[in-house]
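Structural overview for review
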Amino acid sequence: MLEADFLLTNAGRLATVAAHPAPPLEGPLGVLRDGALAARNGRIVWVGAQAEVAQAVTLIPRARRLDAAGALVLPGFVDSHTHLVFAGHRAGEFHERLRGATYAELLAQGRGILATVGATRAASAADLEASARQRMARCLAHGTTTLEAKSGYGLSLADEIKCLHVVAALRDGPPRLVSTCMAAHTVPPEYRADRAAYVRLVCDQILPAARPLADFCDVFCETGAFDVAESRTILERARDLGYKLKLHANQLGHSGGAALAAELNAISADHLDFTTDADLAALRDASVVATLLPGCSYTLRHAYPDGRQWLDAGLKLSLATDLNPGSSYTENMQFVIGLAISFCGITVAEALRAATLGGAQALQFDTEIGSLEVGKRCDLTVWDTTDEEEIGYHVGVNLVKRVVVDGAIAI
Ligand code: NIG
Ligand code: FE
């Protein structure tokens, strides 16, 4: 008999998202019908048939129990790309774009990202923490149990560290956070006349100081942000300091970021709206996870990236919100799943896998989270539906009913 301190019963469909599903697990999501799951100290210790749970598991005193009452159960979403910490919003720019302005024009005018940099620099750590906490609560309510959080609206030593301290203060969640230093989001106004000096500041001061606070380093490799040579300089320095690498690559044009991500063996390359077959092959051969961010296409009214083409090219796919006040202001993974299946050519099963195990792979955290398998953290969602095909179809409402993080019932 296994001892457990958490027991989920009566899952009508328990989608394990096992890496290699084998019978009795069904279909691409490894679904167990009429399943149950037990955990101890935050980790899954048993997954099996409801009919067998009584013989297999004994509960310790004061164990937590959750009855799914026949509903769908999924691994918690892993949102692998967010800009969680920022002040203010940019609704005005959104409406200007609806009247014809473009994202690149606004950035070139010193607005866009730089407008949020101004607001974030002016905000106290306490205010940034309070607003980030509210966003995290919305992420959790919509089914996200782990999310990546980037700095990148500080763009000075003091302000980048301030934002990363906010992430550190919120790190244990729920949802749990993975931290990324994105001091190279764009060149701040005071360095516009001397870009090289900003790249030196990032390499010599910000990245070393931020290292204890961040696992990843990310760079926006794009016209209007950092070119390939600048991005390479920053990312090579980050790699030497022990950061894992990510890139905002080929979002607005053929920036060369995708090829750079492959060259540097980044963990993920994100956006990838403009790619060649050679880019996709290079990313696949370097095992770089490709992150689909359809919330940006929705918000900026750009063409959607072709997730089907990425999967057919053999890439691993992550699907994330890109939560930020400029190009994708949403905490809701269910919304981006809907966009991905309607506009990016992937099935609901592929989207759900990308939103769970794929997100974990994009954070190099897939030995711990992303699927419901023995040994992994017990992070799961119970849905207000019995069928995963309702997700992305029944839209504009929250279908998540209960959320469990580390075997504790968070919602
Ligand atoms: O992922 N592309 C660069 N960074 C964000 C947008 C940030 C902003 O507009 O504030 C993105 O789209
Ligand atoms: Fe982003």
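Everything below is about the structure shown above.
Now for a look at the structure at hand. (Residues numbered from 1 in each chain as written. Chains lettered and ligands numbered in written order. Predicted model: local features only at pLDDT ≥ 70, side-chain atom pairs only at ≥ 80, totals over all residues. Heavy atoms only, no water.)

**Observations concerning the coordination of the iron ion (ligand 2)**
Reference values for angles at a metal are 109.5 degrees in the four-donor tetrahedral case and 90 or 180 degrees in the six-donor octahedral case. Protein coordination of the iron ion (ligand 2) is provided by His81 (NE2), His83 (NE2), His248 (NE2) and Asp322 (OD), with donor distances spanning 2.1 to 2.3 Å. Each donor residue of the iron ion (ligand 2) lies on the same chain, and together they follow the pattern H-x1-H-x164-H-x73-D. In this pair, His83 sits in the loop between β6 (77–79) and α2 (91–98) while Asp322 sits in the loop between β13 (317–319) and α13 (333–343), placing the two residues 239 residues apart along the sequence. (Donors = N, O, S within 2.8 Å, 3.2 Å for Na, K, Ca; no water. Helix = DSSP H or I, 4+ residues; strand = E, 2+ residues; numbered from the N terminus.)

**Observations regarding the site of ligand 1**
Around ligand 1 lies a shell of 16 residues, among which Tyr103, Tyr153, Gln251, Asp322 and Ser327 are the nearest. In this structure, a nitrogen atom belonging to ligand 1 sits 2.8 Å away from a side-chain N or O atom of Gln251. His271 has a polar side-chain atom sitting 3.0 Å from an oxygen atom of ligand 1. Notes on ligand 1: free accessible area 320 Å², of which the protein chains cover 100%. Here the residues of the shell around ligand 1 sort into five nonpolar, nine polar and two charged. (Near = heavy atom within 4 Å. Polar contact = N/O pair within 3.5 Å; in protein donor to acceptor, adjacent residues only side chain to side chain. Areas by Shrake-Rupley, 256 points an atom, 1.4 Å probe, with all protein chains shown as cover. Nonpolar A, V, L, I, M, F, W, Y, C, P; charged D, E, K, R; others polar.)

**Here we look at the nonpolar core**
Within the largest apolar cluster, 85 residues are counted, with the highest numbers of intra-cluster contacts made by Cys181, Tyr198, Phe226, Ile234 and Leu283. Per element, the largest residue contribution to this core is eight residues, and it comes from helix α7 (residues 195–210). Apart from residues no more than four positions distant in its own chain, Leu283 is found in contact with Ala258, Ala261, Ala262, Ala269, Leu272, Val288 and Leu315. Of all hydrophobic cores here, the second largest spans 17 residues; its members include Val73, Leu372, Leu380 and Val404. (Core = buried A, V, L, I, M, F, W, Y, C linked by side-chain atoms within 4.5 Å. Buried < 20%, exposed > 50% of the residue type's maximum accessible area, 1.4 Å probe, protein only. Contact = heavy atoms within 4.5 Å.)

**Points about the pattern of salt bridges**
Summed over the entire model, instances satisfying the criterion amount to 24 salt bridges. In this structure, Lys162 and Asp159 form a salt bridge, with 3.2 Å as the shortest nitrogen-oxygen distance. Here Lys162 and its partner Asp159 are both found in helix α6 (residues 157–170), three residues apart, which amounts to about one turn of the helix. By relative accessible area, which is 17% here, Lys162 ends up buried. The exposure class of Asp159 is buried, given its relative accessible area of 15%. In this structure, the salt-bridge partner of Glu368 is Arg377, at a minimum N-O distance of 2.7 Å. A relative accessible area of 18% means that Glu368 is categorised as buried. One continuous salt-bridge network, built from bridges that share partners, spans Arg43, Arg176, Glu368, Arg377, Asp379 and Asp406. (Salt bridge = Lys/Arg side-chain N within 4 Å of Asp/Glu carboxyl O.)

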